[in-house]
Amino acid sequence: QVQLVESGGGLAQPGGSLRLSCAASGFPFSAYPMSWYRQAPGKERELVARITNSGGPTNYGDSVKGRFTISRDNAKNTVYLQMDSLKPEDTAVYYCFVLHTGRLYWGQGTQVTVSS
């Protein structure tokens, strides 16, 4: 079955960096676009970044453009989110996402907290 396992979250200071990873299994990873979403307390889940199956065109949410970078390694079935210049408002649970055979699949999420 489809599994998405995020890692790399934690506590960072404002202006700092973190790198999230999402290890995928149970589907042909290289055939599917992958996305990162986040959800802060009391807010709706929002798109952070999306990458095509080949690692080509990428899309970012307005609040993270120029600071976050999504990438993927199809040989390792892993998608990454490099987060730089972190701000307190980036604090949220970050989720990996794939739409596979018409179903939505989410990872368990990884907490990112940005605080001094």
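Preceding this section is the structure that the text describes.
Note that this is a predicted model, so its numbers are computed, not measured.

(A) Geometry of the pattern of salt bridges. This structure, assessed with the given rule, holds 4 salt bridges. A salt bridge links Arg38 to Asp90; the shortest N-O distance between them is 2.9 Å. In this pair, Arg38 sits in strand 4 (residues 34–39) while Asp90 sits in the loop between strand 8 (78–83) and strand 9 (92–100), placing the two residues 52 residues apart along the sequence. Here Arg38 and Asp90 have matching classes, each one buried. Notably, a salt bridge pairs Lys65 with Asp62, separated by 3.1 Å at the nearest N-O pair. One continuous salt-bridge network, built from bridges that share partners, spans Arg38, Glu46, Arg67 and Asp90.

(B) Spatial organisation of a nonpolar patch on the surface. Where nonpolar side chains cluster on the molecular surface, the patch consists of Leu99, Leu104 and Trp106 and spans about 300 Å² of accessible area. Within the secondary structure, Trp106 sits in strand 10 (residues 103–106).

(C) A look at the state of the cysteines. The full count for this structure, using the stated rule, is 1 disulfide. The partner cysteine of Cys22 in its disulfide is Cys96, sulfur to sulfur 2.1 Å. In this structure the cystine formed by Cys22 and Cys96 twists about its S-S bond by roughly -85°; its chirality is therefore left-handed. With Cys22 in strand 3 (residues 18–25) and Cys96 in strand 9, the pair connects residues that are 74 residues apart, well separated along the chain. One exposure class covers both Cys22 and Cys96, and it is buried.

Calculation criteria
- Residues numbered from 1 in each chain as written.
- Predicted model: local features only at pLDDT ≥ 70, side-chain atom pairs only at ≥ 80, totals over all residues.
- Heavy atoms only, no water.
- Salt bridge = Lys/Arg side-chain N within 4 Å of Asp/Glu carboxyl O.
- Helix = DSSP H or I, 4+ residues; strand = E, 2+ residues; numbered from the N terminus.
- Buried < 20%, exposed > 50% of the residue type's maximum accessible area, 1.4 Å probe, protein only.
- Patch = residues over 30% accessible without salt bridge, like charges linked within 9 Å, V, L, I, M, F, W, Y side chains within 5 Å.
- Areas by Shrake-Rupley, 256 points an atom, 1.4 Å probe, with all protein chains shown as cover.
- Disulfide = S-S within 2.5 Å.

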